[in-house]
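Each chain is listed here by its residues.
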Amino acid sequence: MRPIVPFVAIAALAAASPLAARGVELALPAGTVSEAAIALARATGASIVIADPAMGRTRIGAIKGRMEAEAAVRKLARAGGMEAVRVGPNAWRLIAAPRRAVSRPRPERQARMVRAAATVSPSLPEAEAPPIIVTASKRDLTFAEVPGQVTLLDGAVLERGGVGGTEKIMQRTAAVSSTYLGSGRNKLFIRGIADSSFTGPTQATVGQYFGDLRLSYNAPDPDLRLSDMERVEILEGPQGTLYGAGSLGGIIRLVPRAPEPGEASLTVSGGASAIARGEPGADAHATMNLPLAGETATLRLNLDAASLGGYIDKPTIGRRDVNRTAILSGRAALRVDIAPDWQADVILLGQDTRADDSQYADRAGRRLESSAAVTEGSAAQYGQAQLVVSGRIGDVRIKSSTGIGAQDLTERYDATAPGGQPRLFRQRNEMRMIANETRVWQPVGARGFGWVLGTSIIDNRNTVTRRLGELEAARAVAGVAAGDEAPALIAALPSSTGVRNTVFEITGYGEASYRVLPRLTLAAGLRVTNVELGGAGEDVLPVFALAASSRAITAKRRETAYLPSASALLDIGEAGRAYLRYQEGFRPGGLAVAGDFVRQFRSDHARTVELGGGWGEPGRGDFDLSASFSYTRWRDIQADFIDVGGLPSTANIGDGDIWAASVSGSVRIAPSLRAEAGATLNDSRVDEPVFFAPTPLSLAGFDVVAPAGADAAARFLAAPRLSRIPNIARFSGRAGIQWRREFDNGTALSADGWVSYVGTSRLGIGPELGDLQGDYLDSGAIVRWGRENAGLTLSVTNIAGEEGNRFALGTPFATGRAQITPLQPRTIRIGFDARF
């Protein structure tokens, strides 16, 4: 049990000073109450004592302006949710503010307020709202101190209407888009930086993190359940200096709720759903917080299970509602206080996602019907273990995170040729990763200076294996009856060329900022990354393996990347800001399969200049606003494409220019009513190479023709052309509204509604990838009635019953069969939640 200290003296008792009687110009940076009290005591000559050391660690915003000592101390107390009591002529004691006679917030909400983890609800008094700390900044900057576009999503908001995955993020912001292949298979995009439609060996353009460690290196979004999250932080990119490779578009950081020392609690929720013209579904969630040794060791457990009803029919094989998806997810976190101001966290998380079949339909067929001749679907497994040690030495913070992760994805596609026998293509993608990040930092202090230094090591191995063949022939070999999808059937399919990529990355980085003027802060940083790349072909045909001397069957090389950054941040008034930022990002190269060949693709590099600004903090005050405009030059763009045999491959498609603008904000219409809106505008141009040959082929973003000859897939001839980046709509927007009313009996009724529009984009360019997609409206509403510790919810998604087309591809082998990925039909869910 941590010893109880009745009070901590923040400043030595001093005699009354003339400073107390006259105004002092203050510029106290954001930090803890203790840090602000020390700086205030030095500036005014006052003595300030904090009664509760825990409250001294509360994060508060900056305190600026000219004021007398008494006014400054009281402002400090209000910011920390405390009360200032005079104990002498120029001496003060800060104590906990008296509780108001209202319904008592639940303990986990109080903890979130202390950690400043989430935005505040419209009904919460501003005096109790600590500043929003953006932990993704890696040096505890407040929202107003970050020179860039930041989106913060409260974990409690994401859980409304039932626990979900990445689709919950896209419902709440217009900044993130996806390919919609299915849960555990998608690629995510931010700020109009998208490489292609397919999940190949390229690293993603968006970095996804759980805490300080990335979830994967070159694998799709695992679509983890967003349960028991403090918040989700989205930083628009590039974010190369702090996050390195694979953050060209930006990063999405999941921040889980930490174990609560000394508190035993249980939270449960669940619901049942009905899909129009589809199957019913159900979901359940539980969180348990268990003290193991007083306040020294605490265990927090999470479990999620969901069965998502299907709604796609396949009349060719006589099945209805084929695309049911089952998800089982769990997480365990153990926190141990190992010394004063030092703690260790052990985190285990895992998820299993299984889709019985695909979720695409024919564009020209009947609604929600697919003419695929085989059972498709996917199975995705993800697991990660982390050890995190964090603490402080004086004003310097230290955090070291080490993790090991595994992600497996098995996909099945209909590869049947028109009029031919049913054929099946199976691709398996296996990822294994070991990573460590260690950083030391000092938050911005009273003198306006803050810094971070860090190192990162990543060892990643990715293997892609493939099988392709006729089902009847495979059944004959395996002795499997018609309709039986036993593993022996897949094993009997002929092997196709695959590839293995290895990456060993070691990095050092640093960033610092300094307030050169009372309202102007300059920052600069640099990341140096050395990458060792290796790879080899898998199941290469012997005739091509013999020709290894002239083919890239194996490869190994090193490259070093330097990623600088610089920014200027100007404070405007009490809550305004404007910034100018320069940032770079890159992705290392690797090996890819093209036909029966294995060849190399080069690293790509992006440079961005961004101008932006805003007013206020999201969801607080009478209104808030944030806007930015950026230009990106992207060289040697890596993109996945469809090769001569209809299989995904990778190439460098040329250089591109991207212009992006975004705006978001909210306004308080009434004390319990708030409206919000956001929009993005993107435009791009790509200079593309074209393969010259007699046979047309399609590449994500440009036309391809395969040259005749054995080395068809390895030769390029550049021909300047202009095209737009695929999968990115020129315009996307979102609007939402939140309302709440409290009743005298302690219950409350709240409503949350939203509508979003996704504009038109193209899957790619060419005979197979030129189809349009997007141009649809999506909508939803959630109503909750109950108390803080228990309630009932009613939610509706796709209120208008829009079919839409989220993604114009289901299988790359569908020659002459245009495809769409429709929205899930109107879905009604009734649920409950309870806290004990």
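See the structure above.
Residues numbered from 1 in each chain as written. Predicted model: local features only at pLDDT ≥ 70, side-chain atom pairs only at ≥ 80, totals over all residues. Heavy atoms only, no water.

Right, let's talk about the overall build of the chain for a bit. The secondary structure content of the chain amounts to 10 helices and 50 strands. For the chain, the residues scored as buried account for 57% of the 836 residues in total. Pairs at least 24 residues apart make up 68% of the contacts formed inside the chain by residues separated by at least 6 positions. For the chain, the accessible surface area stands at approximately 32,500 Å², while carbon and sulfur atoms represent 61% of it. (Helix = DSSP H or I, 4+ residues; strand = E, 2+ residues; numbered from the N terminus. Buried < 20%, exposed > 50% of the residue type's maximum accessible area, 1.4 Å probe, protein only. Contact = heavy atoms within 4.5 Å. Areas by Shrake-Rupley, 256 points an atom, 1.4 Å probe, with all protein chains shown as cover.)

For the structure shown, the criterion picks out 15 cavities of 30 Å³ or more. For the second largest cavity, the calculated volume is near 240 Å³. Lining of the second largest cavity is provided by 20 residues; of these, V146, P147, Q239, E511 and R581 occupy positions nearest its centre. Elements with a minimum of two residues in the lining of the second largest cavity: β16 (229–236), β29 (520–538), β30 (554–572) and β31 (576–587). Top element by residues in the lining of the second largest cavity is β30. It accounts for three residues. The residue makeup of the lining of the second largest cavity, split by class, is nine nonpolar, seven polar and four charged. (1 Å grid on protein atoms, 1.4 Å probe; cavity = no way out; pocket = protein on both sides within 12 Å on 5 of 7 lines; lining within 4 Å. Points joined across faces, edges and corners; volume = space filled by probe spheres on them. Nonpolar A, V, L, I, M, F, W, Y, C, P; charged D, E, K, R; others polar.)

What follows concerns the environment of I38. With respect to the secondary-structure elements, I38 resides in helix α1 (residues 33–44). Its relative accessible area of 31% is what places I38 among the partly exposed residues. Sequence separation of I38 and A446 is 408 residues, and the distance between their C-alpha atoms is 9.3 Å.

A few words now on the packing of aromatic side chains. Inspection of every chain in the model, using the stated rule, returns six aromatic pairs. For K138, the ring lying beneath its charged end belongs to Y243, and the centroid distance is 4.3 Å. (Phe/Tyr/Trp six-rings, centres within 6.5 Å; stacked < 30°, edge-to-face > 60°. Lys NZ or Arg CZ within 6 Å of the ring centre and 35° of its normal.)

On to unusual backbone geometry. Geometrically, the link from G237 to P238 is a cis peptide bond, its omega value of 0 degrees lying close to zero. Looking at the element boundaries, P238 is found in the loop between β16 and α7 (240–243). Not every positive phi belongs to a glycine, and R191 is a case in point at roughly 60 degrees. Mapped onto the elements of the fold, R191 is located in the loop between β13 (188–190) and β14 (206–210).

What follows covers the layout of surface pockets. Taken as a whole, the second largest pocket holds about 1,200 Å³ of empty space. For the second largest pocket, the lining is made up of 43 residues, of which G61, A62, E574, A575 and E617 are closest to its centre. Those elements that provide at least two residues to the lining of the second largest pocket are β6 (63–67), α3 (69–79), β10 (141–142), β28 (495–517), β29, β30 and β31. Here the lining of the second largest pocket is composed, by residue class, of 19 nonpolar, 10 polar and 14 charged.

What follows covers the environment of F623. One can find F623 in strand β35 (residues 623–635). Of the residues examined, F623 reaches a relative accessible area of 41% and is grouped as partly exposed. Along the backbone, F623 and S666 are 43 residues apart, and their C-alpha atoms lie at a distance of 5.5 Å. Not counting chain neighbours up to four residues away, the residues in contact with F623 comprise W615, S666, V667 and R674.

In this section: the pairing of strand β27 (residues 449–470). Regular strands place their side chains on alternate faces of the sheet. Relative to β27, strand β26 (residues 423–442) runs antiparallel, the two being bridged by 20 bridges. Its bridge partner being in β27, Q427 is matched across the sheet by R466. Between β26 and β27, which pair antiparallel and follow one another directly, the connecting turn spans six residues, one of which, G448, has a positive phi of 80 degrees. Two elements, β27 and β28, share 18 bridges in a ladder whose sense is antiparallel. (Pairing = 2+ DSSP bridges.)

So, on to the pairing of strand β20 (residues 297–308). When strand β19 (residues 281–291) meets β20, the two strands line up antiparallel, connected through 10 bridges. Along β20, the bridge assignment pairs N289 with R300. Between β19 and β20, which pair antiparallel one after the other, the connecting turn spans five residues, and G294 there sits at a positive phi close to 60 degrees. Pairing of β20 with strand β21 (residues 325–339), which is carried by 12 bridges, proceeds in the antiparallel orientation. If you follow A305 over to β21, its bridge partner there is L328.

Once that is clear, we can look at α3. When α3 is considered as a whole, its buried residues turn out to be A69, A72, V73, L76 and A77. Down the axis of α3, the smallest arc covering the buried residues is 135 degrees, so these residues share one side. Among the residues trailing α3, G81 stands out with phi positive, at a value near 70 degrees. (Arc of directions from axis to C-beta.)

A few words on the sheet that holds β14. Pairing is mixed across the open sheet formed by five strands, whose spatial order is β11-β16-β17-β14-β15. Taken across any chain shown, the strands that pair with only one partner, and hence form the sheet edges, are β11 (150–154) and β15 (213–214). As paired elements, β11 and β16 share five bridges and run antiparallel to each other. Across the sheet, the residue bridging to V150 is L235, located in β16.

Let us look at the nonpolar core. Within the largest apolar cluster, 29 residues are counted, with the highest numbers of intra-cluster contacts made by I169, V176, F210, V232, I234, I252 and L254. Among the elements of the structure, α6 (166–172), β13, β14, β16, β17 (250–256) and β22 (342–355) are those that each provide at least two residues to this core. Tallying contributions element by element places β16 first for this core, with three residues. Once you skip the residues sitting within four places of it in the chain, I252 turns out to touch I169, V176, L188, I190, V206, G207, Q208, Y209, V232, E233 and I234. Membership of the second largest hydrophobic core comes to 24 residues, among which are L26, A39, A46 and M67. (Core = buried A, V, L, I, M, F, W, Y, C linked by side-chain atoms within 4.5 Å.)

Among the structural elements, E802 can be located in the loop between β48 (790–797) and β49 (819–820). Measuring from C-alpha to C-alpha, the distance between E802 and P822 comes to 8.4 Å, with 20 residues separating the pair along the chain. In this structure, E802 is in contact with R367, D775, Y776, L777 and L823, ignoring residues within four places of it in sequence.

As for its position among the elements, E437 is in strand β26. Assessed through its relative accessible area of 6%, E437 is described here as buried. Within the structure, the side chain of E437 is placed 2.9 Å from the side chain of K138, a separation counted as a polar contact. Contact partners of E437, with chain neighbours within four places excluded, come to K138, D212, L213, K399, S400, S401, T455, S456 and Y509. (Polar contact = N/O pair within 3.5 Å; in protein donor to acceptor, adjacent residues only side chain to side chain.)

What follows is about the pattern of salt bridges. A side chain with one charge can pair with a side chain of the opposite charge if their charged atoms come near. Tallying each qualifying case throughout the model produces 54 salt bridges. One salt bridge connects D313 with R320, and the closest N-O pair in it is separated by 3.5 Å. Note on D313: relative accessible area 12%, which makes it buried. A residue is classified by how much of its surface remains accessible, and R320, at 62% relative accessible area, is exposed. (Salt bridge = Lys/Arg side-chain N within 4 Å of Asp/Glu carboxyl O.)

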